[in-house]
Structures are given as structure tokens and as C-alpha cells.
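Observations on chain architecture
Take a look at the letters that make up each chain.
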Amino acid sequence: MEINRFENRVWLSSPTIYGEEQKFVQEAFDTNWIAPLGPNVDAFEKEIAEYMGIGHGAATSAGTAALHLAYKLAGVQQGDIVLCSDLTFSATVNPISYEKAIQVFVDSERDTWNMDPRALEIALEKYKGRVKAVALVHLYGSPAKIDEIMELCQRYDVPLIEDAAESLSATYKGKQTGTFGKYNIISFNGNKIITTSGGGMLLSEDEEAIKKARKWSTQARDNAPWYQHSELGYNYRMSNVLAGIGRGQLLHLEEHKAKKQAIYRMYEEGFKGLPVSMNPYLEYTDPNFWLSCLLIDEDVVASGKVTPEKVRLYLEEYNVETRPVWKPMHMQPIFEGLDFISYEESSVGKDLFERGLCLPSDVKMSEETQKQVIELIKELFK
Ligand SMILES: *Cc1c(COP(=O)(O)O)cnc(C)c1O
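Worth saying up front: this structure is predicted, and the values here are computed from it rather than measured.

Quick look at the sheet that holds strand β10 (residues 276-278) now. On the basis of which strands lie adjacent, the open sheet formed by 4 strands has the order β10-β12-β15-β13 and antiparallel pairing. Strand pairing shows two members of the sheet lacking a second neighbour, β10 and β13 (323-324), which therefore form its edges. With respect to the sheet, helix α11 (residues 308-317) is in contact with β12 (292-296), β13 and β15 (356-359), its orientation differing from that of β15 by roughly 30°.

Next comes the structure, spelled out in C-alpha cells:
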């Protein structure tokens, strides 16, 4: 097969917009609700909470803002410890620093690439009495070992915060990720499975907590005719215009999930016989496969014949975007010196980072394009 450089860049995951969003945005214009509150925001919160099967949601300007509010609700303060997934995007753990609390990074396991319950147990024991929350990520849309992690959180009486930014629509034993934690967050950033261009949501069964978060997110105004504040506030609310985009996007969430799953299956089929595997998942979960990832066998990477970086640079020549698996937080310069807890002899997250690559998983990618991407990767292993 003769493959030419793609004229249009093949993306990891880019926004897919339909036009239906405009109906909701138009409503915002027609009713003059161009503000960080309004009917679209209220409706979007209800629609998302209903879709996920959880009591209440507070729409925010970003997933990161929702995370910050979640940590505040959990009572995270200066000097407290938060145990967090090590293999993730920095947004998961940055708000812990906003509150001058301390991250302790918990290594991944190999079955889902998510937080290893065995490492979590070691960490909970080591920091007994100081842990304010556990922050759990479902990486690339593959649900973590939730039962095991929830059992530990209950045993040590520590609230669970789910960062479901990448896993919206994925289920664990039939229940949506982002509904297991005391506080949970999702993201509508441009690269996520559905988008509002930028935005997020905090979710909880606790209505009082969500009301408190909404208040904090609108500058913590007291109920008075003048501007009065007895708490520190933030400008974290989602705009009514962007919530309109979200309502239109939500109509396509299941369709996006089906497409992402088809992309994963096609890679899986296409890579048969190669010394590689893909991002794993538990059989009783239904991942959204936000990103499909490749993991190259150890001996092949060690020999230097094919490495993630070689694949990345080769595909870049064809205008195909790929990216290394998240660099673990314990390896980030900014978090140098913080504790990292692993169950294995050496860090699983570091190994995944060194052998893994995220592949184009865009819902607009045609089968023909994906076939060519697979062919290009296969060439490197010849
Ligand atoms: C995208 C992402 C976030 C942050 O969401 P924003 O809406 O971009 O602030 C948090 N955690 C993870 C794991 C993410 O992938």
C-alpha cells in the first residue's frame, strides 16, 4: 500500500461539533442569558446528572476548577496528605497545591494502568490519620479497580474523589464512572469525548455540598442585597453559552463512545501478530476508550529496534499526531521530593511511560485513514 502524507492532520482527539449545539446557544442569545449562570447551565447540570445516574452537578469553567472545589469540599487544607493516581495529567493533582496540601503519588497496576489498590493500602497505612482524600483517575477511559479502592477508602474512612475527566460514559459493573466517589469530576475540554470548548462539572449525591460548591464558584456571595462575603470565593462557574454547546454535545455522547470503541477494536485487530499490546481493561467494565494506546513489548524497546519515540517521529512525517503515555507525576520536576508509593519493585507507571504511545482516536477519523495509520506502524516492525 502506497501511503502519502495526510493533507489534513490526523488528531489524537479533537472536538466534533454538529450544529445542534447552535440551537441551545441561540436560545441563550435570544433570551439574553450571556452569563455564567442561566437556563442552559441548570438544564445541562440536570441532564448530565441524569445521564450518569447521580444526584447533583455543578457546572464549572474547567474540570480543574471542579477538582479544586472537590478537594475543598473534602476539607483538604495546608499540610494534609492526598493520595493520588501517579499516572495522570497534572490537572488531577495541581489543585492540591493550590490548598498547600501534599500529594503522595500511588503507582499503577498492569490490569488497567490505574491506581494499584495494593500500593494504596501501603500508602493509607503509612500516612494513617493524615490522609484527607484519595484522588482516583480512570486513565484513557478505562475504569480502575473501583471495588477494591472503595473498600480501602471505607476501611480507612477517607473520602474518594473520582477524576472521571477522561472516562465520561465508561461504566464499571454497569454503573458510570464518576458516580462512585463522594465527590466526582468530569471535563468538557476540547480534547475530551464531548466538549463545551472548555468546562467541567462537579458531581455528588450530596446536595448541600453541591450548593456550597456553586456558591464558592460564584465568588461566595452571602444572601444579602449588597456584596457580602464570609468565605473565600472563586470565579469558576460555567457560562450559559458554553452550557448550550454541552447540551447539544450530550446528544452525541453514546455515539462518540461507540466510535471510540470501534477505533480501539480496529487497532487491536490490526496489530495482531506484532510484539505490542493495547491499554488494558477489566472484563466487567465498559471503557469509553477515549484514547487508544499502544504498549510495545519490553525486549523490542530494550533492543532499540522500535520505540514509542521512533513510532511518534515516523507518524509525524505523515502528519499523524501521537503522544507518549502521560509522564508519571513522581517523575515531574515540579513534584520532585514528594513521596511515591509502589507495590512492585520498580514503578509500573514509569515502565508504561517508556513503552507506551497514545494513538489517533478522533471520532472523525475514517476507517480508511485508520487502516493507513495501522499500516505505517506495521512497517516499522518489519
Ligand atoms: C483533561 C483532564 C483534566 C482537566 O480538565 P480541564 O477541563 O482541562 O481542566 C483533569 N484530569 C484529567 C485526568 C484530565 O485528562
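After presenting the structure, the write-up continues.
In this section: the pattern of salt bridges. Counted under the stated rule, the structure contains 27 salt bridges. Of the charged contacts, one joins Glu45 and Arg237 as a salt bridge, the two residues approaching to 2.7 Å between their closest N and O atoms. Linking Glu45 in helix α2 (residues 39-52) with Arg237 in the loop between α7 (207-217) and α8 (240-250), this pair joins segments that are 192 residues apart in sequence. Its relative accessible area of 5% is what places Glu45 among the buried residues. When its relative accessible area of 10% is taken as the criterion, Arg237 is described as buried. One salt bridge connects Glu121 with Arg155, and the closest N-O pair in it is separated by 3.1 Å. In this pair, Glu121 is assigned in helix α5 (residues 117-126) and Arg155 in helix α6 (residues 146-155), connecting sequence segments 34 residues apart.

Turning next to the layout of surface pockets. Over the atoms rolls a probe the size of a water molecule, and its path tells where empty space is left. Roughly 430 Å³ of volume is contained in the largest pocket. For the lining of the largest pocket, the elements supplying multiple residues, two or more each, are α3 (63-73), β8 (183-187) and β13. A class-by-class count of the residues in the lining of the largest pocket yields 17 nonpolar, 11 polar and 5 charged. Looking at which domains feed residues into the lining of the largest pocket, each of domain 1 (20-250) and domain 2 (253-380) supplies at least three. In this structure, the second largest pocket spans a volume of roughly 220 Å³. Lining the second largest pocket, in full, are Pro36, Leu37, Lys211, Arg214, Lys215, Ser217, Thr218, Gln219, Asn235 and Arg237. When grouped by side-chain class, the residues that make up the lining of the second largest pocket number 2 nonpolar, 4 polar and 4 charged.

A few words on the pairing of strand β9 (residues 200-204). Burial analysis of β9 places 5 of its 5 residues in the buried class, which makes it a mostly covered element. Burial along β9 is two-sided: the residues Gly200, Leu202 and Ser204 and Met201 and Leu203 are all buried. Note that strand β1 (residues 56-60) and β9 share 5 bridges and pair antiparallel. Note on β9: the bridge partner recorded for Ala59 is Met201.

The next thing to look at is the site of the ligand. Near the ligand there are 15 residues, and of these Thr64, Asp163, Glu166, Ser187 and Lys192 occur at the shortest range. Residue Gly63 places a main-chain N or O atom 2.7 Å away from an oxygen atom belonging to the ligand. Thr64 places a polar side-chain atom, nitrogen or oxygen, 2.5 Å from an oxygen atom of the ligand. For the ligand, whose free accessible area comes to 380 Å², the fraction covered by protein is 93%. The pocket occupied by the ligand, as judged from atoms lying within 2 Å of grid points, is the largest pocket. Partitioning the shell around the ligand into residue classes produces 5 nonpolar, 7 polar and 3 charged.

Definitions and limits used
- Residues numbered from 1 in each chain as written.
- Predicted model: local features only at pLDDT ≥ 70, side-chain atom pairs only at ≥ 80, totals over all residues.
- Heavy atoms only, no water.
- Pairing = 2+ DSSP bridges.
- Helix = DSSP H or I, 4+ residues; strand = E, 2+ residues; numbered from the N terminus.
- Contact = heavy atoms within 4.5 Å.
- Axes fitted to C-alpha atoms, helices over the stretch in contact; angles between N-to-C directions.
- Salt bridge = Lys/Arg side-chain N within 4 Å of Asp/Glu carboxyl O.
- Buried < 20%, exposed > 50% of the residue type's maximum accessible area, 1.4 Å probe, protein only.
- 1 Å grid on protein atoms, 1.4 Å probe; cavity = no way out; pocket = protein on both sides within 12 Å on 5 of 7 lines; lining within 4 Å.
- Points joined across faces, edges and corners; volume = space filled by probe spheres on them.
- Nonpolar A, V, L, I, M, F, W, Y, C, P; charged D, E, K, R; others polar.
- Domains from an automatic or database assignment.
- Near = heavy atom within 4 Å.
- Polar contact = N/O pair within 3.5 Å; in protein donor to acceptor, adjacent residues only side chain to side chain.
- Areas by Shrake-Rupley, 256 points an atom, 1.4 Å probe, with all protein chains shown as cover.
- Sits in = over half its atoms within 2 Å of the grid points.

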